[in-house]
4 protein chains.
Amino acid sequence: MIDLRSDNTLGCSPEILESLTRASRGAVASYGNDPITERLRERCRTIFETELDIIPVATGTAANSLALAAMSPPWGGIFCHADAHIQRDELGAPEFFTGGAKIIPIDGESGKLHVDALKRSIEEYGSSGRMLVPAALSLTQATEAGTTYSVNELRELSELAHAENMLVHVDGARFANAFAAQSRSLADFSWRSGIDVLVFGATKNGAMASELLVIFRRDLTDGLTRRLHRSGHRFSKMRFLSAQLDSYLENDLWLRNARQANEAAGTLAHGLSELGIEILRPVQANIVFARLDPATSSRLSSSGVSFYDWPLFGDGAVRMVTGWNTEPKDIQRVIGLAATE
Amino acid sequence: MIDLRSDNTLGCSPEILESLTRASRGAVASYGNDPITERLRERCRTIFETELDIIPVATGTAANSLALAAMSPPWGGIFCHADAHIQRDELGAPEFFTGGAKIIPIDGESGKLHVDALKRSIEEYGSSGRMLVPAALSLTQATEAGTTYSVNELRELSELAHAENMLVHVDGARFANAFAAQSRSLADFSWRSGIDVLVFGATKNGAMASELLVIFRRDLTDGLTRRLHRSGHRFSKMRFLSAQLDSYLENDLWLRNARQANEAAGTLAHGLSELGIEILRPVQANIVFARLDPATSSRLSSSGVSFYDWPLFGDGAVRMVTGWNTEPKDIQRVIGLAATE
Amino acid sequence: MIDLRSDNTLGCSPEILESLTRASRGAVASYGNDPITERLRERCRTIFETELDIIPVATGTAANSLALAAMSPPWGGIFCHADAHIQRDELGAPEFFTGGAKIIPIDGESGKLHVDALKRSIEEYGSSGRMLVPAALSLTQATEAGTTYSVNELRELSELAHAENMLVHVDGARFANAFAAQSRSLADFSWRSGIDVLVFGATKNGAMASELLVIFRRDLTDGLTRRLHRSGHRFSKMRFLSAQLDSYLENDLWLRNARQANEAAGTLAHGLSELGIEILRPVQANIVFARLDPATSSRLSSSGVSFYDWPLFGDGAVRMVTGWNTEPKDIQRVIGLAATE
Amino acid sequence: MIDLRSDNTLGCSPEILESLTRASRGAVASYGNDPITERLRERCRTIFETELDIIPVATGTAANSLALAAMSPPWGGIFCHADAHIQRDELGAPEFFTGGAKIIPIDGESGKLHVDALKRSIEEYGSSGRMLVPAALSLTQATEAGTTYSVNELRELSELAHAENMLVHVDGARFANAFAAQSRSLADFSWRSGIDVLVFGATKNGAMASELLVIFRRDLTDGLTRRLHRSGHRFSKMRFLSAQLDSYLENDLWLRNARQANEAAGTLAHGLSELGIEILRPVQANIVFARLDPATSSRLSSSGVSFYDWPLFGDGAVRMVTGWNTEPKDIQRVIGLAATE
């Protein structure tokens, strides 16, 4: 069985399981007033090289929605790529948390939002004052199409957003994969590029269930904490969220996991491409979109390789997602199966 | 250090940690379509002796609010004891999830709601149709005062609620403790007593972060599942919630943990009482409310026994909560310190 | 037929009907950018002797909820008397508009909130930070019991509220009646007493359907205007709301109407009292609560006097409300009927 | 001054003003239990030839949002044309009333939604169950582009919607104008074409502020009534809404007004077209979109003809809206001014 359906079908890194076991010892204050959460906060201040606040949350949907609710009034507009998770996969969570803000989906090549399209969209929808008040820009990093924004692209988009009095959110469910794909610092890749709140994902990259809200605009923290509580996302035994994230950030586990996933995706894309299989999007993180003929597709499936059809990207399109524990030999096996006739 | 502040300051049962480690093996379908969640469902059908649906949730606040939102329209009234967690400790979570339903707090001795008071309250607030439409009764089992409802009391309250077209929710953050204190079956203690949705708590009784929505009114399940998703409470790696609950219910871990906590509380109350210390509420689960003189209180504190002052119950009132791993020797030490002069 | 059920069963002052007819002439800009609305704003600045913003709204429930939503975050607490309209008669409108804020009802003699009770309530419910964050004080002027707050009482309550970082709202559905009962200026009776937003009622006092949001804390105006729009309360032909209010404030129509109602109530209470009928609340505005024996009650009803039983105030209690066009001879007839045996 | 900005800049029909004056006589029960509202209900049952419920509402935004909230759960999807008022002009009102449902805007020629595009959209957005559950189809009749749906088109769209378990809403702010443009019965044009709730507009067609919710799916009425109350849209003196609507429907005032507006628009479009001015959309109701050169545009403006630029429809596009009291001589004057060089 080789599972390429999603990075959320995989288990949990051994280092994180061990951290949870260690964290279980002894009684500590609840609701985040524990030493593990405090250590995590300090660790983040160090690696991001700035003052910031953090909130550990169990799911990405919650983290995104909490952030957006802190950034947008109920009459706000949230601009994002048309394929964004907040638009297509969260069953209206941002609308629920914000009290009915409007999400404006914008088309863009390779899953990325382009600054001109954003500008046009803000103008079209925000100028009358009767549809929405532009409030937030939400970027997905890495994108749902497996591509990434460069620091320059982030800056250009953020500058436009800030000039329009909007705040900038990053849905970083695969932030580690995006980060591992380039060579800038965490600071450059986040607040120095104008990001106001980052959802630093861990679940898809080896954690059990934890995402970290990294808040650079600290005036948002109080409201975020209130919403956390009243949406049922404030863990009483918060140490168990923090322990996952603490070990995730320790000794670069997050980067090692992301690199393993990215390399597997790179190898897979390269291998399939050499077989003449069309790769449908640039492979910059841990997702490969390819066009398979029906015979190849069913040969893979019947040999125990699981993945999703992705009709959104055209006939025969499939999505293959590698993960923190995808092994090179599994990728070679997938390529071998694709090559067989 | 002896921590009696709350049962949420304690760690996680070793059995549950082991279950999580086992659950981490291999790739499985996400969002609850995994074999562990399926096994948990079957286990519940067996022990509750009926058809039912389950939804694993990470926190009690979320579980309560999801249940209430499925039970009450935005213009509904939710009746509960004045000290209920949903009223006093969730920062408006039920209001948020329901879209603004009204919670009606009702006073009642020993933390319990009495049927006559409920009747009067429904009549006073529900009859004009201009304040609310009675929608749900929410009971806390064990109560915030450490007392429990008997099967007869549950039935009487449920019958009234159902006669008024209301549904019945149980906040069972300490359901195990309440259950361990009596000798009826799970079925008797839940659906046969008219409970429509039970929040079967595990976090406070040895889990890391998991509560089980046990849904006896299965027509509520579809709406609950939608709300779960859009409130960010649907775990992608749901197996890690289910694994906690599965081991919790296996081999009666939940009952063993609850009994240890209850016995510790019983011993503590008995010991303090023998010293002439006033016990302020009947001790039927794992919470002891006592009135301490300032000297005793500070002697305990300075000797490493931590607990909360509870001014709601009068001058000198304190709350001591025992838990799944409270040891008899610790209780003896607390009693010994209280006895010293 | 003498209708004493409520001041909302009566028709519309002729002056207001004429104003509507005049306002209908010609085409004007919609959504409040018309000369009548502008004139109304200027009129208010003059009579209240201060800078302020206004928003005409069609109903009191809308005006109250809009104000409270501008004053309270979703996790806020709104403190009011237990009999307040916002708590008992609006089917959760404040909860809907605020996104789930909590209303805290407080008992108080003669329908009035007392400062000590308010202080205790804020402390009890607001101090843990887990139930609510105190956000707004809502006073009803005149109260649902037909009593009024003096300038001194208003100041004392407002000072406490402001000291707790709360804002002060007045539900003035019967503000004119309260005002007519005393001898202070509008400024004294509103912003100089610490009122931040006043709902200046007109519907019950001779208008067709219009209430005026008078906003002294002008930083609230932008949010209020947005909420007005998205709750469907922003009239396209706003001139027709403004025209009602403009003629209401012109030549003291509002005061003349209120005085007629108040005098009728005073005469009624005096007359009934002289017959030995118990008057249950101080009669300070246009509402009389009396205890009628069954024979008197049914004699009045069968003679065409309509009013409501008011069991909330005890056995035999009835409520009689006089209005802007209640005539002295009608009151004499009611007293005469009550006297007959 | 000739005002062609919008049909909401005009005043109120004399017949309606007289009806309001008559309605003001005497005391009647409040909140809709009055004889005028009852008469209106009966009148509607007659002219629509079916059982139905009605709710008079003051604004179109409120009427639309109330209807949609009754039709869609918070996780529902509401499909409409991209230019629909509910999407572009209500500042998120439908999102507010529904608790965060998603509006899916769909492009379509001449402001109309086409059945194939609707089908594709439902499939694309509704099939995963992770974005929304298709809940309602909202049609605008006449459309924002001044075009109308035929009975056949309505039926085809409704059939698709119902087959997908969706309900059908009509935003009929200009329903009278659409109706006047064809020759079918009211029944054919509404429930016999599958409409479940119709917002029968009056404000733009000569009323002061009133729209009628005509509810053919009567199981929606109870929820609608609750939402009406808690959104502050239930008028205490409801007779004054009903009186507007009653006289509107009496003696075909609504049709006479609509015909006058439609004829003016037809004449205007014809006259401009003969001058070689491009008419940008089919003129089927009371709106004309034309492309004016800058000289003509400013000549009209400086001569006292007011209208809006409409850049959404291209360079030089303007919108001219005629109304219930637009006079033929005014239209001739506009054409004359446009002809002058």
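Everything below is about the structure shown above.
These numbers come from a predicted model, not from an experiment.

> I'd like a description of the overall build of chain A, backed by residues and values.
A tally of regular secondary structure across chain A gives 13 helices and 13 strands. Against the compact-globule benchmark of 20 Å for 341 residues, chain A has a radius of gyration of 20 Å, which places it among compact chains. Taking the principal axes of the C-alpha coordinates as reference, chain A spans close to 60 × 60 × 35 Å. For chain A, the exposed surface amounts to about 11400 Å²; the carbon and sulfur share of it is 47%. Here chain A carries 34 positive and 42 negative side-chain charges, and the mean point of each set is 6 Å from the other.

> Explain the nonpolar core to me, using residue names and the numbers behind them.
Phe200 of chain A together with Phe200 of chain B are the most contacted members of the largest nonpolar core, which totals 119 residues. Other than its neighbours up to four places away in sequence, Phe200 of chain A contacts Phe48, Gly172, Phe175, Glu211, Leu212, Val214, Tyr248, Leu249 and Trp254 of chain A. By size, the runner-up hydrophobic cluster in this structure holds 118 residues, among which are Met131, Phe189, Ile195 and Met208 of chain C.

> Any details on the relation of the copies chain A and chain B? Residues and values, ideally.
The two copies are related by a screw motion: chain A maps onto chain B through a turn of 180 degrees and a shift of 0.0 Å along the axis, at an RMSD of 0.0 Å. Here the symmetry operator amounts to a two-fold rotation axis. Minimal C-alpha separation from the rotation axis in chain A is found for Ser231 of chain A, amounting to 3.6 Å. Mapped onto chain B, 100% of the interface residues of chain A are again interface residues, and the two copies thus contact each other with one and the same surface.

> Run through the interface of chain B and chain C, naming residues and quoting values.
Tallying the contact residues gives 22 residues for chain B and 21 residues for chain C. Of the roughly 1700 Å² buried between chain B and chain C on both sides combined, carbon and sulfur atoms contribute 43%. It is Arg88, Leu91 and Arg130 of chain B in chain B that bury the most area against chain C; as a group they hold 35% of the surface buried on that side. Our count for the chain B to chain C interface comes out at 6 salt bridges.

> Break down the sheet that holds strand E6 (residues 167-172) of chain A for me, with residues and values.
Strands pair in a sheet through their backbones, by hydrogen bonds, and they do so in one of two ways: parallel or antiparallel. Residues and elements named next belong to chain A. Read across the open sheet, the 7 strands follow the order E2-E8-E7-E6-E5-E3-E4; overall the sheet is mixed. Where the open sheet ends on each side, the last strands, each with one partner, are strand E2 (53-57) and strand E4 (102-106). If you compare each strand with its neighbour and ignore which way they point, the axes differ by 20 degrees on average. Looking at chain direction, strand E5 (residues 133-140) and E6 are connected through 5 bridges and run parallel. Looking across to E6, one finds that Ala136 is bridged to Leu167.

> Would you mind going over the interface of chain A and chain B in detail, with residue names and values included?
Accessible area lost on assembly of the parts is the figure often given for the size of an interface. The interface is formed by 47 residues belonging to chain A together with 47 residues belonging to chain B. For the pair chain A and chain B, the summed buried area comes to about 3700 Å², and 58% of that belongs to carbon and sulfur atoms. Applying the counting criterion to the chain A and chain B interface returns 0 salt bridges. Taken together, the connections running from chain A to chain B amount to 27 residue pairs in polar contact (both at pLDDT 80 or more).

> Pulling in residues and values, what's your account of the pairing of strand E4 (residues 102-106) of chain B?
All names here are of chain B. Most of E4 sits out of view: 4 of its 5 residues are buried. Across 5 bridges, the pairing between strand E3 (residues 76-81) and E4 is parallel. Bridging from a neighbouring strand, Gly77 pairs with Lys102 of E4.

> Requested: an account of the relation of the copies chain B and chain C, with residues and values cited.
The transform that puts chain B on chain C rotates by 180 degrees and translates by 0.0 Å along the axis, for an RMSD of 0.0 Å. Most of the interface of chain B is mirrored in chain C, where 91% of its interface residues again form contacts.

> Give me the lowdown on the packing of helix H6 (residues 115-126) of chain A against helix H7 (residues 151-163) of chain A, citing residues and values where you can.
Residue and element names in this part refer to chain A. Viewed as axis vectors pointing N to C, H6 and H7 meet at an angle of 15 degrees, and their least axial separation amounts to 10 Å. Considering their axes alone, H6 and H7 lie roughly parallel with respect to each other. Helix-helix and strand crossings are classified by hand; for H6 and H7 the assignment is right-handed. Residues Val115, Leu118, Lys119 and Ile122 of H6 form the contact with H7, whose participating residues are Glu156, Leu157 and Leu160. Among the residues forming the contact of H6 with H7, the class breakdown is 5 nonpolar, no polar and 2 charged.

> Pulling in residues and values, what's your account of the pattern of salt bridges?
Applying the stated criterion across every chain yields a total of 92 salt bridges over all chains. One salt bridge connects Glu327 of chain A with Lys329 of chain A, and the closest N-O pair in it is separated by 3.7 Å. Where Arg45 of chain B meets Asp53 of chain B, a salt bridge forms, and the shortest distance between an N and an O atom there is 3.7 Å. Exposure class is identical for Arg45 of chain B and Asp53 of chain B. Each is buried.

> Give a description of the packing of helix H3 (residues 60-71) of chain A against helix H9 (residues 221-230) of chain A that names residues and reports values.
Residue and element names in this part refer to chain A. Two numbers describe how H3 lies on H9: the axes approach to 9 Å, and their chain directions differ by 135 degrees. Here H3 is positioned oblique relative to H9, judged by the angle of their axes. Handedness of the crossing formed by H3 with H9: right-handed. Along its contact with H3, which presents Leu66, Ala67, Ala69 and Ala70, the element H9 presents Leu224, Arg227 and Leu228.

> Would you mind going over the side chain of Glu144 of chain A in detail, with residue names and values included?
All names here are of chain A. By the element assignment, Glu144 lies in the loop between E5 and H7. Of the side chains with opposite charge, Arg174 lies nearest to the buried Glu144, which makes no salt bridge, at 4.4 Å. Discounting residues that sit within four places of it in the chain, Glu144 has contacts with Asp83, Ala84, His85, Arg174, Ile287 and Phe289.

> Account for the sheet that holds strand E8 (residues 211-215) of chain C, with residues named and values stated.
Residue and element names in this part refer to chain C. Spatially, E2-E8-E7-E6-E5-E3-E4 is the arrangement adopted by the 7 strands of the open sheet, whose pairing is mixed. Edge positions in the sheet fall to strand E2 (53-57) and strand E4 (102-106), since each has one partner strand and no second. Across the sheet, the mean angle from the axis of one strand to that of its neighbour is 20 degrees, orientation sign disregarded. Lying on the sheet, helix H7 (residues 151-163) is in contact with strand E5 (133-140) and strand E6 (167-172); it crosses E5 at an angle near 165 degrees.

> Give a description of the side chain of Thr98 of chain D that names residues and reports values.
Residue and element names in this part refer to chain D. Mapped onto the fold, Thr98 is located in helix H5 (residues 93-98). Reaching out from Thr98, the side chain makes a polar contact with the backbone oxygen of Glu95 at a distance of 3.3 Å. Here the side chain of Thr98 touches Gly100 through a polar contact of 3.3 Å, landing on its backbone nitrogen. If we ignore the near neighbours within four places in the chain, the residues touching Thr98 are Leu68, Ala69, Pro73, Pro74 and Ile78.

> An account of the pairing of strand E6 (residues 167-172) of chain D is requested, with residue identities and associated values reported.
Along a regular strand, successive side chains alternate from one face of the sheet to the other. Residues and elements named next belong to chain D. Most of E6 sits out of view: 6 of its 6 residues are buried. Where burial is concerned, the two faces of E6 agree: the one with Leu167, His169 and Asp171 and the one with Val168, Val170 and Gly172 are both buried. Handedness of the crossover is the feature at issue here: the chain leaves strand E5 (residues 133-140), passes through helix H7 (residues 151-163), returns alongside E6, and the resulting connection is right-handed. Here 4 bridges tie E6 to strand E7 (residues 197-201), and the two strands are oriented parallel to one another. Opposite Asp171, over in E7, you have Val199 as the bridge partner. With helix H8 (residues 175-180) bridging E6 and the parallel E7, this β-α-β connection has right-handed handedness.

> Could you give an account of the environment of Ala67 of chain A, with specific residues and numbers?
All names here are of chain A. Of note, Ala67 is situated in helix H3. With relative accessibility at 1%, the residue Ala67 sits in the buried group. For the pair formed by Ala67 and Glu164, sequence separation is 97 residues and the distance between their alpha carbons is 18 Å. Other than its neighbours up to four places away in sequence, Ala67 contacts His169, Val197, Leu213 and Leu224.

> Give me unusual backbone geometry: which residues, what numbers.
At the junction of Gln141 of chain A and Ala142 of chain A, the peptide bond is cis and its omega measures out at -5 degrees in the coordinates. Among the structural elements, Ala142 of chain A can be located in the loop between E5 and H7. Phi is positive for Ser110 of chain C, which is not a glycine, with a value near 55 degrees. Examined against the element boundaries, Ser110 of chain C turns out to sit in the loop between E4 and helix H6 (115-126).

> How would you summarise the state of the cysteines if you had to cite specific residues and measurements?
Working definition of a disulfide: a covalent bond connecting the sulfur atoms of two cysteines. Applying the stated criterion to the full structure yields 0 disulfides over all chains. Cys80 of chain D takes part in no disulfide bond, and the closest cysteine sulfur, belonging to Cys80 of chain A, lies 17 Å away. On the basis of relative accessible area, Cys80 of chain D is assigned to the buried category, the value being 0%.

> Residues and numbers for the packing of aromatic side chains, please.
The final tally for this structure, using the stated rule, is 54 aromatic pairs over all chains. Counting every residue linked through ring pairs, the aromatic cluster contains Phe48, Phe175, Phe179, Phe189, Phe200, Phe216, Tyr248 and Trp254 of chain A. Against the face of Phe313 of chain C rests Arg281 of chain C, its NZ or CZ located 3.8 Å from the ring centre.

Cut-offs and rules
Residues numbered from 1 in each chain as written. Chains lettered and ligands numbered in written order. Predicted model: local features only at pLDDT ≥ 70, side-chain atom pairs only at ≥ 80, totals over all residues. Heavy atoms only, no water. Helix = DSSP H or I, 4+ residues; strand = E, 2+ residues; numbered from the N terminus. Rg over C-alpha atoms; globule rule 2.2 N^0.38 Å. Areas by Shrake-Rupley, 256 points an atom, 1.4 Å probe, with all protein chains shown as cover. Lys, Arg positive; Asp, Glu negative; His and termini not counted. Charge placed at Lys NZ, Arg CZ, Asp CG, Glu CD. Core = buried A, V, L, I, M, F, W, Y, C linked by side-chain atoms within 4.5 Å. Buried < 20%, exposed > 50% of the residue type's maximum accessible area, 1.4 Å probe, protein only. Contact = heavy atoms within 4.5 Å. Least-squares fit on C-alpha atoms with pLDDT ≥ 70 in both. Buried area = accessible area lost by both parts, 1.4 Å probe. Salt bridge = Lys/Arg side-chain N within 4 Å of Asp/Glu carboxyl O. Pairing = 2+ DSSP bridges. Axes fitted to C-alpha atoms, helices over the stretch in contact; angles between N-to-C directions. Polar contact = N/O pair within 3.5 Å; in protein donor to acceptor, adjacent residues only side chain to side chain. Parallel < 35°, antiparallel > 145°, perpendicular 65-115°, else oblique. Left-handed = near helix turned anticlockwise from the far one by under 90°. Nonpolar A, V, L, I, M, F, W, Y, C, P; charged D, E, K, R; others polar. Right-handed = clockwise from strand over helix to strand, strands pointing away. Disulfide = S-S within 2.5 Å. Phe/Tyr/Trp six-rings, centres within 6.5 Å; stacked < 30°, edge-to-face > 60°. Lys NZ or Arg CZ within 6 Å of the ring centre and 35° of its normal.

These values are about where atoms sit, not about what they do.
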